[in-house]
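Okay, here's what each chain looks like letter by letter:
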Amino acid sequence: MAHDNLPAIFHHFHPIEDKMLQIIDNEGNVIDKKRMPELDDEIIIDAYKQMLYERIADEMAVSYQRQGRMYTYTPNIGQEAIHIAAGMHIRGEDWLVPAFREMGTLLAKGVTMKEIFLFYLGNEHGGSFRNIRNVLPMAISIGTQFHHAVGIGYAVKYQKKEEVVFTFIGDGGTSEGDFSEALNFAGVWQVPVIFTVQNNQYAISVPVQKQTRSVNLAVKSVAFGIPGIKVDGNDFFAMYLAYQIAVDYARSGRGAVLIEALTYRLGAHTTSDDPSKYRNEAEEQLWGKSDPLLRLKRYMQSAGIRAIDEEQLREQYREEIDRQFADAEQEKSYPLSDLFDHMYTDMPDELRRQKSEYEQFLSWKEKRR
Ligand SMILES: Cc1ncc(C[n+]2csc(CCOP(=O)(O)OP(=O)(O)O)c2C)c(N)n1
Ligand SMILES: [Mg+2]
């Protein structure tokens, strides 16, 4: 089970010792100079802009839901550094196997905002991504995506391709059997999969302290013989470096990597959730100080990177996002039969019965109008 050529960083930040990779602090000061990725200013500005775009799209999505124009939505606020750092490493031929809280990575892969809105409008085109290769639909059933990811990883390896599979799960998802099964499979077959655990401290109302007795979530990799690392998920540079090393490891055929990205869900679990019922404002304010956009902006200011006109950008992004939402709203809805027709060649009696019951319900509802 020994790893050949295991990058030193996995020894240095061994999860059993509960160390965490961090490059800038909350004030944006570089605290680990020798690990700071060498990035051109324009790339850093681009990363910030992508994070800002995700933040604004997220705010607007919550607002559309509040206006009754969209169904339940899962906010990303606070977790953008993870998404954009991953997105900056994912190539066109790589695979993205998402859960439901990594909007920025979907956008970076080439999924459009309109398609993301279609998903939350219940339109199946929000999952088929016809203009982009190798993205699976968002997975709402917790953990299922991990099996899909390792299956794809196995196929990639079998076909001797150099593709990497990026997949995501939450802290709560690590308690699902799928998580352990997939990690074991990945360890045994050394498949090129990067597992990201977005530890945002909560699974709806359940705090991570009640989710596990493990010292952290990265340590779960050890049992399966996979390198794992805990990273400050609100630190763009730390996440960038972690993905750089993980991608290199996976793409060169050495196997899977588990990244625990320590972060905080600054918003609600979904638009149907009220976090004030299970956590306090002091905690939210404390984590607010580690907001990934704020930290990156502070770094950019102290490093003397050219300033951007944020107000103007915000306005430009708002207009563009609103256009994409209006476009999604215009899309025709699907006939009810689409829900039933694609599962079996010959529809079983039970499904036939359910379809007829639902049709009756809809006509009853129509008559009540
Ligand atoms: C198999 C399954 N069980 C339960 C649920 C209901 N559910 C939706 S989200 C969620 C919590 C997920 O928490 P976590 O994995 O930490 O991800 P986060 O929502 O924090 O991003 C639960 C229990 C579900 N969607 N699927
Ligand atoms: Mg969570």
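Residues numbered from 1 in each chain as written. Chains lettered and ligands numbered in written order. Predicted model: local features only at pLDDT ≥ 70, side-chain atom pairs only at ≥ 80, totals over all residues.

## Description of the domain arrangement of the protein
Domains assigned within the protein are domain 1 (8-330) and domain 2 (337-368). On a C-alpha basis, the centroid separation for the pair domain 1 and domain 2 is 37 Å. (Domains from an automatic or database assignment.)

## What to know about the site of ligand 1
The immediate surroundings of ligand 1 are formed by 15 residues, with I142, G170, G172, G173 and A203 found nearest. Residue composition of the shell around ligand 1, grouped by class: five nonpolar, seven polar and three charged. (Near = placed C-beta within 6 Å. Nonpolar A, V, L, I, M, F, W, Y, C, P; charged D, E, K, R; others polar.)

## Points about unusual backbone geometry
One non-glycine residue with positive phi stands out, namely F129, at about 40°. Relative to the assigned elements, F129 resides in the loop between helix 6 (125-128) and helix 7 (144-158). A positive phi angle is found at Q201, which is not glycine, with a value near 80°. Its place among the elements puts Q201 in the loop between strand 3 (193-199) and strand 4 (202-203). Residue classification places Q201 among the partly exposed residues on the basis of 19 C-beta atoms within 10 Å. (Helix = DSSP H or I, 4+ residues; strand = E, 2+ residues; numbered from the N terminus. Buried ≥ 20, exposed ≤ 12 C-beta atoms within 10 Å, placed from the backbone.)

## A look at the nonpolar core
Nonpolar side chains in soluble globular proteins tend to end up buried together. With 90 residues, the main nonpolar core has A85, V193, I194, M239, A242 and I259 as its most contacted residues. The element best represented in this core is helix 11 (residues 236-251), accounting for 12 residues. Excluding its chain neighbours within four sequence positions, the residues that come into contact with A85 are F236, M239, Y240 and Y243. (Core = buried A, V, L, I, M, F, W, Y, C linked by C-beta atoms within 7 Å. Contact = placed C-beta atoms within 7 Å.)

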